[in-house]
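# Observations on the model geometry
Single-letter residue listing:
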Amino acid sequence: MSASLLRTSVVRYALRASAPKPSTRAGLAGTAFVRGKATLPDLPYDYGALEPAISGKIMELHHDKHHQTYVTSLNNFSEQMAEAKQKEDITAQIALQPMINFHGGGHINHSLFWENLAPTSEGGGEPPTGQLAKAINESYGSLDAMKEKFNAALAGIQGSGWAWLVQDTQTGSISIKTYANQDPVVGQFRPLLGIDAWEHAYYLQYQNRKAEYFKAIWEVVNWKAAEKRLK
Amino acid sequence: MRRYTSLPIALFSLLLRSSTCVFASEQPQQPFEFGAMSASTYSLPPLPYGYDALEPHISAQIMELHHSKHHQTYITNLNAALKTQAEAVHTSDIATQVSVQQGIRFNAGGHINHSLFWQNLCPASSPDAKTSSAPKLFKQIKATWGDEETFRDAFKGALLGIQGSGWGWLVKVEIGKEQRLAIVTTKDQDPVVGKGEIPIFGVDMWEHAYYLQYLNGKAAYVENIWNVINWKTAEERYLGTRADAFKILKASI
């Protein structure tokens, strides 16, 4: 799937959530839209499938509750945004923008996250190949060196946020970037691989030992998904 | 309780230490001894109650992790950052002095916020948990918000509106002769240290503050924490100065 298509479709539908036109992008892997409404995408594996790296209980709450709340709130604020646009109420539109960014970002980030994880029985943890493997080796020397830098970036997040392996849409080069809260990877960069560093992503299993979570999650990273996002 | 048998001894030794510091703090504080390249080091202030004292509103498991692990980590990282800063000052390494600032802000903020937080909580059974322990503060709360319920709703709304990690505070703002109350939210570990701002009580909205017990149900946490707000501490901070509110931090040096 194309991450930039997903991004475009979310933003576009967020801005005209009440548009009656049925979505032509409903078939996009990871995210489904029905009549301009965001809906919770199905997980491509069972809740318990990422154990022992991530517990079934975490996965269930994370997908069924947290992600669902972002979807519900995005639809709610998108509706308000559509009304504000209809009334040409610029003040209300600006006031709603951070809500769209946060909840829309939450929806985008989690949709990409579920897809860039996989059970070990389905290729989770198998190292990247092809163009992405080449880019990682060129930029970081080795996959292990990249993981080390990525984990340092994750550990350095002050508060809630995400770390992403991204591709610069202008130069094509890859890099590691962190984003606060639910800020999505938009604009100059294209998301390749994201790891959720919110406490709800690991706390029930790892508590304050987040370094253990950052180490374990590589066992279930779906590099095939990241490869498909690379252009 | 069996897990906490060593607590009274730890508490006693820390109290001893902090009382020594009260005398020491009457002299002007030197943040750095440049000659020795050393900085003040902070230590974990003891909880003024047992880990299980806030149950059922906040579980003992949360309190123990939150205090002995999370708060301790902020202190450990703060001390390391202050040491780096002191060395950079000593060697006139201005680039390092600047680069270490964000780390100091975050970890010092974590230390400040949690130190204030423990003190502005108390067991629900304590008389301090009754709003009648804060008569003067409540007079101004009512003058500002109309009634207690409106105030609580406004505070709860602010807490639930935080996007990501952060805190909600009731703050006294004193600028010149003007004095007012305000509900403010802060992101991550940003502390309430602005000019003329005195934190009265704070609520931690990081997920680690409630997740083991409330999971994604943060509205229930925000509802239940009102049962364990220490209104006596709130009244003292409201009537006191900024230095009074932060004295716990000097005691933990």
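For the structure given in this document, a descriptive report is provided here. (Residues numbered from 1 in each chain as written. Chains lettered and ligands numbered in written order. Predicted model: local features only at pLDDT ≥ 70, side-chain atom pairs only at ≥ 80, totals over all residues. Heavy atoms only, no water.)

## Remarks on the overall build of chain B
- Helix and strand counts for chain B stand at 11 helices and 5 strands.
- Scored against the burial criterion, the 253 residues of chain B give a buried share of 47%.
- Considering only contacts within chain B whose residues lie at least 6 apart along the sequence, 75% involve residues at least 24 apart. (Helix = DSSP H or I, 4+ residues; strand = E, 2+ residues; numbered from the N terminus. Buried < 20%, exposed > 50% of the residue type's maximum accessible area, 1.4 Å probe, protein only. Contact = heavy atoms within 4.5 Å.)

## Focus: the packing of helix 4 (residues 130-140) of chain A against helix 5 (residues 143-155) of chain A
Residues and elements named next belong to chain A.
- Running from N to C, helix 4 and helix 5 cross one another at 70 degrees; their axes reach a closest spacing of 8 Å. Here helix 4 lies roughly perpendicular to helix 5, going by the angle between them. Side by side, helix 4 and helix 5 meet where Ile136, Asn137 and Tyr140 of the first sit next to Leu143, Ala145, Met146 and Lys149 of the second.
- A breakdown of the residues in the contact of helix 4 with helix 5 according to their chemical character gives 5 nonpolar, 1 polar and 1 charged. (Axes fitted to C-alpha atoms, helices over the stretch in contact; angles between N-to-C directions. Parallel < 35°, antiparallel > 145°, perpendicular 65-115°, else oblique. Nonpolar A, V, L, I, M, F, W, Y, C, P; charged D, E, K, R; others polar.)

## A few points about helix 9 (residues 231-239) of chain B
- For helix 9 of chain B, the set of buried residues is Trp231, Thr233, Ala234, Glu235, Arg237 and Tyr238 of chain B.
- Capping the start of helix 9 of chain B, Asn230 of chain B holds a side-chain oxygen 3.1 Å from the backbone nitrogen of Lys232 of chain B, two or three residues further along. (Polar contact = N/O pair within 3.5 Å; in protein donor to acceptor, adjacent residues only side chain to side chain.)

## Description of the interface of chain A and chain B
- Facing the 18 residues of chain A at the interface are 17 residues of chain B.
- For the chain A and chain B pair, buried surface summed over both sides reaches about 1800 Å², with 55% attributable to carbon and sulfur atoms.
- Three residues, Gln158, Glu199 and Tyr203 of chain A, lead the burial of chain A against chain B; their summed loss comes to 37% of the area buried on that side.
- Scanning the region where chain A abuts chain B turns up 0 salt bridges.
- Counting across the interface, chain A meets chain B through 8 residue pairs in polar contact (both at pLDDT 80 or more).
- When contributions to the side of chain A that touches chain B are tallied by element, the ones reaching two or more residues are helix 2 (56-86), helix 3 (90-115) and helix 6 (203-206) of chain A.
- By residue number, the principal contributor to the side of chain A that touches chain B is helix 2 of chain A, which donates 4 residues.
- Across the side of chain A that touches chain B, the residue classes break down as 7 nonpolar, 8 polar and 3 charged. (Buried area = accessible area lost by both parts, 1.4 Å probe. Salt bridge = Lys/Arg side-chain N within 4 Å of Asp/Glu carboxyl O.)

## Some words on the pattern of salt bridges
All names here are of chain B.
- This model, assessed by the stated rule, comprises 14 salt bridges over all chains.
- With a closest N to O distance of 3.9 Å, Lys156 and Asp153 form a salt bridge. Of this pair, Lys156 and Asp153 both sit in helix 6 (residues 148-160), 3 residues apart, roughly one helical turn.
- Look at Lys156 and you get buried, because its relative accessible area is 15%.
- For Lys172, the salt bridge is made with Glu174, and the minimal N-O distance between the two is 3.7 Å.
- For Lys172, a relative accessible area of 2% gives the class buried.
- With a relative accessible area of 35%, Glu174 lands in the partly exposed category.

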